[in-house]
Amino acid sequence: MSTQTIEFIRPTKQATTPQRWSVPDVEALFKLPFADLLYRAQQTHRKHFDPNAVQLSTLLSIKSGGCTEDCGYCPQSAFNSSGVEDRQMLAVSAVVEAARAAQQKGAGRFCMGAAWREPTDEDMESVVEMVKAVRDLGMETCATLGMLNDEQTEQLRAAGLDYYNHNLDTAPEFYGNIISTRDYQDRLDTLERVRKAGMNVCSGGIVGMGENLTQRAGLIAQLANMDPYPESVPINNLVRVEGTPLAQAEELDSLDFVRTIAVARITMPAARVRLSAGRQQMSDAVQALCFLAGANSIFYGEQLLTTGNPDVEADRALLDKLGMYPSTDKQ
Ligand code: SAM
Ligand code: DTB
Ligand code: SF4
């Protein structure tokens, strides 16, 4: 482990962006002594947020399985044999019902996910109705539907969608090891469309897929160098699902996961950093360290898309134990 102290690590300045992070800059953060890294993350966090408030997002899979993409981590890819059934899109009424239930349990944001490479025009008609109806409940809305063209992006914006989730997932140079049916530029193009249309960007990635430290730093640098960086940054710990090519991936050391959260916080100071997939496999102590490292959002509810998440009672008990509470702001 490096003995470098925090004073030596500063982002490289570039003319076009207020703050630009090189991959070595980010890697150096990862290599800080743990206490120095968390101290710096805490300082950054406290400058921008109430450190005891956590934003609660509930996920719903509105269309599961049978996806034509070959993402190596994903139980919903038709290339994988995880046993997830290929289901038709849910009815708008069922989605609104689920959103209402999530709201009653305390969720502020409702995220609708679909196992698509990209939606069809027919799909979009239903999604637009869902977004409007969930918004009418007074919840923030998020959708993750795969790649979008200009028209679809505009339809979502007009429906009032608050956030679009589209993850970069890993560093550009590691991407081809995980997915072959699309490339990194496809992801960047969709994110650019979402940004131009005026919606908030939710983009993050997955760690624990066998990437090395430079590649983990590469993912964070890509996100942090977006101009502006995403408003919402989900950091997923790979859920190793049987039947996917990554089922046997080596488990990431928990402290390396905490470090990833801290580095995301430092490099994207005003973003909501979401402690995302993988929480069911984490102890309360590791989750507490993630909050200390600057995570201030979680997925809330028993199910992610197809895999499990801690139940609501357990999350309430954890937040109580830590003296934390749901955030009331709209960010
Ligand atoms: N199909 C759309 C797409 O890929 O953008 C939206 C749904 S997709 C399931 C959303 C995100 O879930 C992926 O980008 C990935 O980051 C995350 N994800 C999928 N499987 C995962 C797993 N096994 N562990 C952790 N995150 C996962
Ligand atoms: C994100 O970054 N993580 C969520 C959400 N955005 C859509 C999805 C996690 C999926 C985990 C595997 C599953 O449940 O299928
Ligand atoms: Fe399809 Fe999204 Fe899963 Fe990739 S991550 S297989 S695009 S649902």
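Above this text sits the structure in question.
This report concerns the structure included in the present document. This one's a predicted model, so the numbers in the text were calculated from it and none came from an experiment.

### Digging into the pairing of strand β8 (residues 272-275)
Right, so step 1: What you see with β8 is no split at all: Arg272 and Arg274 on one side and Val273 and Leu275 on the other are buried throughout.
Right, so step 2: Bridge count for strand β7 (residues 232-237) against β8 is four bridges, and the pairing is parallel. For Pro234, the partnering residue across the bridge sits in β8 and is Arg274.
Right, so step 3: Regarding topology, helix α9 (residues 254-267) serves as the crossover connection from β7 to the parallel β8, and that connection is right-handed.
Right, so step 4: In this sheet, strand β9 (residues 297-299) lies alongside β8 in parallel orientation, the contact comprising two bridges. Paired with Arg274 across the two strands is Ser297, which belongs to β9.
Right, so step 5: In the classification by handedness, the crossover that spans β8, the intervening helix α10 (residues 284-292) and the parallel β9 is right-handed.

### So, the pattern of salt bridges
Right, so step 1: As enumerated under the stated definition, the model contains 16 salt bridges in all.
Right, so step 2: With a shortest N-O distance of 3.8 Å, Glu192 and Lys196 are connected by a salt bridge. Of this pair, Glu192 and Lys196 both sit in helix α7 (residues 184-197), four residues apart, which is roughly one turn of the helix.
Right, so step 3: Judged by relative accessible area, which is 43%, Glu192 ranks as partly exposed.
Right, so step 4: By relative accessible area, Lys196 is classed as exposed at 69%.
Right, so step 5: Through salt bridges with shared partners, a single ionic network connects Glu69, Arg117, Glu118 and Arg182.

### Brief notes about the site of ligand 2
Right, so step 1: Taken together, Leu59, Pro75, Thr144, Asn165, Asn167, Pro234, Asn236, Phe299, Leu304, Leu305, Thr306 and Thr307 are the residues near ligand 2.
Right, so step 2: Asn236 has a polar side-chain atom sitting 2.8 Å from an oxygen atom of ligand 2.
Right, so step 3: For ligand 2, an oxygen atom lies 3.0 Å from a polar atom in the backbone of Leu305.
Right, so step 4: Considered on its own, ligand 2 offers 410 Å² of accessible surface; in the complex 88% of this is hidden by protein.
Right, so step 5: Across the shell around ligand 2, the residue classes tally to six nonpolar, six polar and no charged.

Parameters and conventions
- Residues numbered from 1 in each chain as written.
- Chains lettered and ligands numbered in written order.
- Predicted model: local features only at pLDDT ≥ 70, side-chain atom pairs only at ≥ 80, totals over all residues.
- Heavy atoms only, no water.
- Buried < 20%, exposed > 50% of the residue type's maximum accessible area, 1.4 Å probe, protein only.
- Helix = DSSP H or I, 4+ residues; strand = E, 2+ residues; numbered from the N terminus.
- Pairing = 2+ DSSP bridges.
- Right-handed = clockwise from strand over helix to strand, strands pointing away.
- Salt bridge = Lys/Arg side-chain N within 4 Å of Asp/Glu carboxyl O.
- Near = heavy atom within 4 Å.
- Polar contact = N/O pair within 3.5 Å; in protein donor to acceptor, adjacent residues only side chain to side chain.
- Areas by Shrake-Rupley, 256 points an atom, 1.4 Å probe, with all protein chains shown as cover.
- Nonpolar A, V, L, I, M, F, W, Y, C, P; charged D, E, K, R; others polar.

Note that all results are geometric; they support no functional claim without further evidence.
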